[in-house]
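Chain residues, written in single-letter form:
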Amino acid sequence: MSMGLPVALVNGADKFVAKKLVESLRKSDIEVVELGESWGDLSEVGEKVDYVFDFEGDRRVWEKAVKDGSKLAVIGVNQEGQVKDLVELGVNWRVVNLHGVYGVGMEGGEVDFLIEALELAVRNKTLMLPPRESDLRLLAEEDALEAVMRSSFLSGTEGEVLDIWGEKINSEEIAKVLIEEAKMTRFKVEETQSLKLKTQNKEDIETEWRKLRWRPNVSFGAGVKEVLQDFFAKVDEEGRKPKENSKLKNQNSKLEMVADLEQNENNIRFEVVPVVPDVDVSPKVEVETVSDVKIKTLEEIMAEEYPEMEEKKKLKLKKKKKKIVEKYEDIRPMLVKNSNMRLVQERTEKISDLRSQIPEKKEEPVVVKKVEPVVEIKKVKREIKLNPNWVKWGWRGLAGVWLVVVLVVIGWGYTNYRMVAGAFEIKDLILEKKYVEAAALAEKTLDKVKSEEDLVKDWGLNRFEVGRKYQTVLKALDQGVLLEKKAIDLAKRSEVINEAVFSEKEIDWKEELGGLERDVKETEEVLGLLQARLSGDWGWIPARWKGRFNELRSGMEENKRTLSAGARAVEILPEFLGIDGKRREYMILLQNESEIRPTGGFIGSYAILSFEGGRLLNFDIKDVYEADGQLAGHVEPPEPIKNILGEAKWFMRDANWQPDFVAAAKDIQWFLEKSTGRKVDGVIGMNLAVAKGLVGVVGEVYVPDFKTKINKNNLYEQAEFFSETKFFPGSNQKASFLGGVGKQLFEDIKNLKSEGRLELAKTVIDLLERNEIQMALNNGPIAKVMAEAGWDGTLYGGRCAPATGSEQVGAQCFADYLYLVEANLGVNKANYFIYRNMDLVVDINNQSLSRVLKINYENIAKNSNWPGGDYRNYARIYIPSSSNLAEVSVTDNQSGVKTIYSGDNLQVKTVYGKKEVGFLITVPVGKKVTAEVRYTDQVSLTSKDKFSYLNYIQRQSGSGDTGLVALVSVPEGWQVNQAEPMASLVNGKLLFNQKLEKDIRMGVEIIK
């Protein structure tokens, strides 16, 4: 019975790493069901599980995960985990391949060479290691365990095959550690060429670390200590076992040992030298003959290294010593030889060496027979007379007992009230920046919760259902307060960094950013565990509380996404803020989506954001026309800008023409440099939607340049009123309306309090996820982080996972793609008056895949007066490059007139690995117009029994809320196995009803 706790199933629980995983899960208050070699039939596991960790690659366990809706992690330790058949199951899966893992109980494979080296080290023999130039990466079991936990508890790992490696290390470093930790007196190491090692790409390895927001932190020196102790213990145990038919070899066999030490002709000899300056390393010894080396016995090494163990051993043997000596008084000192066949000093055998020879005393088992008492019960009728005084005092006694019970209940209730109230007070103290008081209250509340947990356990209340539920609540409260305790550290650190950026406070950037990364990681882990606990069985909660409880759970999911995104942001902060002391400058595009352009909107203004040494230097707003007026020479514009917009030259204000923001950012930087001579380190695009979101955080904003107040409800109306009609080259206005808003917003954000900063972080993350903020940075590593997060505005290049084994024969997958990119070339703000929705019909046949896309537009403007007017939209639709375009048409819904596009009216080409279909759509004032695109792809399902259709629908920045209805039909004789996201089945067809608020991933799996 899970008692409301999350349940984890560990298959192969007796394996290396799995044992420690079971311990770690239980420490996190997660109930664990263990399956090992003798676990029997899986049907014995009757309860629902929330997490499945599979070390065996057992499909039956995967099916259990599908049935229960569990998160599945398939784990391979020093070998590849099984991926076959995972995709088709439709389970929330991830594969974690742990490479080069070492620890107590390691099982070889990729670490065979290390096992051999450890055995040689504890026996004080010449080490055999791979060549120094080998690509060696070792992963401590503790780090491997952390990677497994994060893969299941953190978001963003679903459907990923994660290959986890440790930090790089060479043979010389391994040898140095083993010689030092094993107290070896041999300093010879042989390089062996026999070991074949995989060569790994450093960037790929670090990419996997970033997915888990983690990197290995256990050094080889620290991680190998416990392993060496285990190897010493095994060798010691072997030495204590009596050997049958053992004979002493001739002491003149010294020549055999010298031959054993000779180097093989195919191997290379090298000496271990210090790799760290100013570190005292034992002197190198060149072994010429066996007699040159003084060999310590294993017992001497253990006594020196672990004196406390020797003391305990002596205490245990003290009482038995006398009897054992008397029993074995006929034993005499003898000459023995060590592993190198050299005579050592004559000595008396230790008492401990004789323990294995003492016969064990066998005790006869005691049989206890259970005797049932025979009780004879006689019914006796007895007359009882009540004394009035007894009755009076009896009632008083009962009243007294009841009063005690009531007081206890009231006291218990007050204790619980204080615990819950304390949890809420902690949050308030954090927001008030009273971090010391918050930490003290958190510790006090944790103590109270622990005390209550102990009380429930000591009284045995968890034997009853009510007690178990109360215990569940206490454990959740315990983790909730622990989460707040972590939040205190996170808030303090964020406050320090905020003061350094905006208020020029002197800080140790390396320490603070490292601490921030650690705090985010720890907070994210605690939040993941609390979320796992709250995902258990809480159906017993009263109905009046369920709404609030569900809000709490959904709020935690939002906070988890924020933390996950924050972890990515921490990665780029050192470079972004220029903490190396070098100046960093970024160009901020202030775009207005009321005149939509491919990357969001028309560029009315831009800003230069400058940092140096982690400090904000400047946020300078510029009018784009001022820069364009300085551009010398002629730049030929794209054809639609020239032929439809009527611009003979290309300027920076129209430079965001590429649908891929990274490509557009390169064009914009080129124009900036040619116009102003200024270079920047990246471009960040923002729309009015961003301004609206930020205004919602800071509240009402006064814009001095336009002498008006704005809030999130009137921003678009004010932007329409203060449209850019008056802004032309040479204008004496300081900046556009959006530029003025941006300038004031920036000042207000600098003065936000803690609660406002948290809300700001959530808002910015949401805007990044909706593509309203796009970041194209020039630095390679942080650009890669942005790309992995999906924040750089590039065209998505998704594809189906590669099929393996039987999947290649019995299944097929098709990766579809759709991206609508609009550009208002009507020199107006018509998008403010445009409503848009999309219909997509997908028809899956045995030989083809047909799609019909309809885009429905309505222009609600009342007249053609500025800023409204006809919507002249140059639309580009991006579909798979393999698609065959059948027809493009535009229909006037009022007159019914349909225009089919061809020739010069239709531009079709292949770019970014996609097929681009471009054409002009005009939506007159007060009219409705429908654009229709038909296209097909060839598929063959004749010999298949399974087919997966995946479609990635990308959202254009600045496109607002666009309704999307998709209808998917399947061939006759096939049926829908699963669909994502939620869909309705209408007449055998799947109906998806979505809002294109952010990119949509849509998937359908059908089977015969």
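As a starting point, this report considers the structure included with it.

**Digging into the packing of helix α5 (residues 141-153) against helix α16 (residues 509-534)**
It is the contact of α5 with α16, at a shortest axis distance of 10 Å, that shows an interaxial angle of 60 degrees. Regarding the angle of α5 to α16, the classification is oblique. Judged by the sense of rotation from one axis to the other, the crossing of α5 with α16 is left-handed. Packed against α5, whose contacting residues are Glu146, Arg150 and Phe153, the element α16 presents Lys521, Glu524, Glu525, Gly528, Leu529 and Ala532 at the interface.

**As for the nonpolar core**
Trp509, Phe576, Phe611, Ile710, Phe737 and Met775 are the most contacted members of the largest nonpolar core, which has 71 residues in total. Ranked by residues supplied to this core, first place goes to helix α17 (residues 543-577) with 10 residues. If we skip the residues at most four places from it in the chain, Met775 touches Phe576, Phe661, Val683, Ile684, Leu768, Met786, Trp791 and Asp792. Ranked by size, the runner-up nonpolar core spans 68 residues in total, among them Ala8, Val17, Phe53 and Leu145.

**Observations regarding helix α21 (residues 688-698)**
Regarding α21, the residues found buried are Leu688, Ala689, Val690, Ala691, Leu694, Val695 and Val697. Gly699, located one to two residues past α21, shows a positive phi value of around 95 degrees.

**Quick word on the environment of Ala665**
Mapped onto the fold, Ala665 is located in helix α20 (residues 661-676). By relative accessible area, which is 1% here, Ala665 ends up buried. Sequence-distant contacts of Ala665, defined by excluding residues within four places in its chain, comprise Val683 and Ala776.

**Let's talk about the environment of Leu853**
Structurally, Leu853 is set in strand β23 (residues 848-859). Classification of Leu853 as buried rests on a relative accessible area of 0%. Taking C-alpha positions, Leu853 is 8.1 Å from Ala931, a pair spaced 78 residues apart along the chain. Contact partners of Leu853, with chain neighbours within four places excluded, come to Leu818, Met838, Asp839, Leu840, Ile877, Ala931, Glu932 and Val933.

**So, the environment of Asp816**
Within the secondary structure, Asp816 is located in strand β21 (residues 811-821). For Asp816, a relative accessible area of 5% translates into the label buried. Between the C-alpha atom of Asp816 and that of Pro880, which follows or precedes it by 64 residues, the distance is 6.3 Å.

**A short note on the pattern of salt bridges**
Opposite charge on two side chains lets them pair, provided their charged atoms get close. Taken as a whole and judged by the stated rule, the model has 45 salt bridges. Where Glu595 meets Arg597, a salt bridge forms, and the shortest distance between an N and an O atom there is 3.6 Å. Since its relative accessible area comes to 6%, Glu595 is described here as buried. On the basis of relative accessibility, which here comes to 2%, the residue Arg597 falls in the buried class. Measuring nitrogen to oxygen at the nearest pair gives 3.9 Å for the salt bridge that ties Glu916 to Lys909. Relative accessible area serves as the criterion here: at 46%, Lys909 is assigned to the partly exposed category. Residues joined in a network through salt bridges with shared partners are Glu146, Arg150, Glu524 and Glu525.

**Remarks on the sheet that holds strand β27 (residues 907-911)**
Pairing is mixed across the open sheet formed by seven strands, whose spatial order is β27-β28-β24-β21-β30-β35-β32. The strands lining the two open edges of the sheet, one partner per strand, are β27 and β32 (975-980). The mean angle between the axes of side-by-side strands here comes to 20 degrees, regardless of whether they run parallel or antiparallel. Direction of pairing for β21 relative to strand β30 (residues 946-954): parallel, over a ladder of nine bridges. Bridge assignment links Ala815 to a residue of β30, and that residue is Leu950.

**Observations concerning helix α2 (residues 59-68)**
Taken together, the buried positions of α2 are occupied by Val61, Trp62, Lys64, Ala65 and Asp68. For α2, the arc enclosing every buried residue in end-on projection is 155 degrees, short of the 170-degree limit, so these residues lie on one face. A distance of 2.9 Å separates the backbone nitrogen of Arg60 from a side-chain oxygen at the start of α2, and that oxygen is part of Asp58.

**Quick word on the packing of aromatic side chains**
Tallied over the entire structure, the rule returns 13 aromatic pairs. Ring plane angle 65 degrees and centroid distance 5.5 Å describe the contact between Tyr102 and Phe220, whose orientation is recorded as edge-to-face. Remark: Phe220 occurs in helix α8 (residues 220-223) and Tyr102 occurs in strand β6 (residues 101-102); sequence separation between them is 118 residues. Side by side, Tyr102 and Phe220 carry an identical accessibility label, which is buried. Ring geometry for Phe619 and Phe746: centres 4.3 Å apart, planes at 10 degrees, overall stacked. On the criterion of sequence distance, the pair formed by Phe619 in strand β16 (residues 615-623) and Phe746 in helix α23 (residues 737-750) is long-range, its members being 127 residues apart. Residue class for Phe619 comes out buried when judged on its relative accessible area of 18%. The buried category is assigned to Phe746, whose relative accessible area is 16%. Looking at Arg876, its charged tip hangs above the ring of Trp657, at a distance of 4.4 Å from the centre.

Cut-off values and rules
Residues numbered from 1 in each chain as written. Predicted model: local features only at pLDDT ≥ 70, side-chain atom pairs only at ≥ 80, totals over all residues. Heavy atoms only, no water. Axes fitted to C-alpha atoms, helices over the stretch in contact; angles between N-to-C directions. Helix = DSSP H or I, 4+ residues; strand = E, 2+ residues; numbered from the N terminus. Parallel < 35°, antiparallel > 145°, perpendicular 65-115°, else oblique. Left-handed = near helix turned anticlockwise from the far one by under 90°. Contact = heavy atoms within 4.5 Å. Core = buried A, V, L, I, M, F, W, Y, C linked by side-chain atoms within 4.5 Å. Buried < 20%, exposed > 50% of the residue type's maximum accessible area, 1.4 Å probe, protein only. Salt bridge = Lys/Arg side-chain N within 4 Å of Asp/Glu carboxyl O. Pairing = 2+ DSSP bridges. Arc of directions from axis to C-beta. Polar contact = N/O pair within 3.5 Å; in protein donor to acceptor, adjacent residues only side chain to side chain. Phe/Tyr/Trp six-rings, centres within 6.5 Å; stacked < 30°, edge-to-face > 60°. Lys NZ or Arg CZ within 6 Å of the ring centre and 35° of its normal.

Without other data, these values stay purely geometric and don't point to any function.
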